[in-house]
Amino acid sequence: MASGSTKQPFQVAVDGPAASGKSSTAQAVASRLNLTYIDTGALYRALTLKARAWNLDPERDALAIAKLAKQTKFAFRTAEETMTVAGVEIPKTIVYLDGKDVSKQIRLPSLTKTVAPFANIPEVRDVLKGKALALAAGEDGGLPEDGKQIESEPQTLGVIMDGRDIATNVLSNAQVKIFLEGDPTVRAKRRLEDLRQAHKDVPSLDDVVADIRNRDLADTKRAVDPLVKAEDAVVLDTSELTLQEQIDAVADIARKSMLAHGIPADKISSI
């Protein structure tokens, strides 16, 4: 990401529990408001993919995994094609791990189940926080396997980053902080719909609700960087909102703040 001015790039932090629509919302808002989208969850997923390929165990090899993280290069690019989520066209994000496109591999259910133990390693979280901050500052990493340079992203006005501890830990000075929350059953129904659209094996609603509740508990109770609302965050309950309404609400909050911080309206992408 590169800023269009010499001022500190504008920052939007979006936090929330599993299946709250963080990624889809942040991707859509990034496209709408001329911001760079950074998916911090993808950093942990990609590192998990690499660590598993190296046969590293999160309990036995924590320090080795942290060292591996330091040596790993990440890059994000916005794809030309879009995906349809809950009837909304969302730009796809390409995730590069050491120059290789791993966007599909890191979303496989078999990998998703194994991410948490890697993500809970304190040393890994410290390293990936640094990687996320570097990406937010415009640094980039990795060459594709064919040796060609990954095409640079166009200059943007700032960054929007989503996760579970962005406003409280990573972008603690962000101009906009959003916390998305929603009823676990509503979030489970959304997750089921995502699985159906992906033509994946669909579990029962009860199983998905139980999984989401367990993830919520683990995220809020973990010792390192737990899921918590920043004191100055705008809380948005999405239980009764469509995805489009959710995107509109976050975009409106961010746009008003961008204007208040002196960013000219003609530089902010139109809806």
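One can find the structure itself at the top, above this paragraph.
Residues numbered from 1 in each chain as written. Predicted model: local features only at pLDDT ≥ 70, side-chain atom pairs only at ≥ 80, totals over all residues. Heavy atoms only, no water.

A. Spatial organisation of the pairing of strand 3 (residues 74-85). In this structure, strand 3 lies alongside strand 4 (residues 88-97), joined through nine bridges in antiparallel fashion. Bridging across to strand 4, Met 83 finds its partner in Ile 90. If you look at the hairpin formed by strand 3 and strand 4, you'll find two residues sitting between the two strands, and Ala 86 has a positive phi there, around 50°. (Pairing = 2+ DSSP bridges. Helix = DSSP H or I, 4+ residues; strand = E, 2+ residues; numbered from the N terminus.)

B. Main features of the side chain of Arg 164. Here Arg 164 shows up in the loop between strand 6 (158-163) and helix 7 (166-170). Of the residues examined, Arg 164 reaches a relative accessible area of 18% and is grouped as buried. At 2.6 Å, the side chain of Arg 164 and the side chain of Asp 219 are in polar contact. Excluding residues that lie within four positions of it along the chain, Arg 164 makes contacts with Asp 15, Gly 16, Pro 17, Ala 18, Lys 22, Arg 215, Asp 219, Arg 222, Pro 226, Leu 227 and Val 228. (Buried < 20%, exposed > 50% of the residue type's maximum accessible area, 1.4 Å probe, protein only. Polar contact = N/O pair within 3.5 Å; in protein donor to acceptor, adjacent residues only side chain to side chain. Contact = heavy atoms within 4.5 Å.)

C. Inspection of the pattern of salt bridges at higher detail. Under the counting rule described, the total for this entry stands at 13 salt bridges. Asp 219 is paired through a salt bridge with Arg 164; the nearest N and O atoms lie 2.6 Å apart. Taken as a pair, Asp 219 in helix 9 (residues 205-221) and Arg 164 in the loop between strand 6 and helix 7 lie far apart in primary sequence, 55 residues in all. On the accessibility criterion, Asp 219 (10% relative accessible area) is buried. Salt-bridge contacts for Lys 177 lead to Asp 232; the nearest nitrogen and oxygen are separated by 3.2 Å. (Salt bridge = Lys/Arg side-chain N within 4 Å of Asp/Glu carboxyl O.)

These figures capture arrangement, not role.
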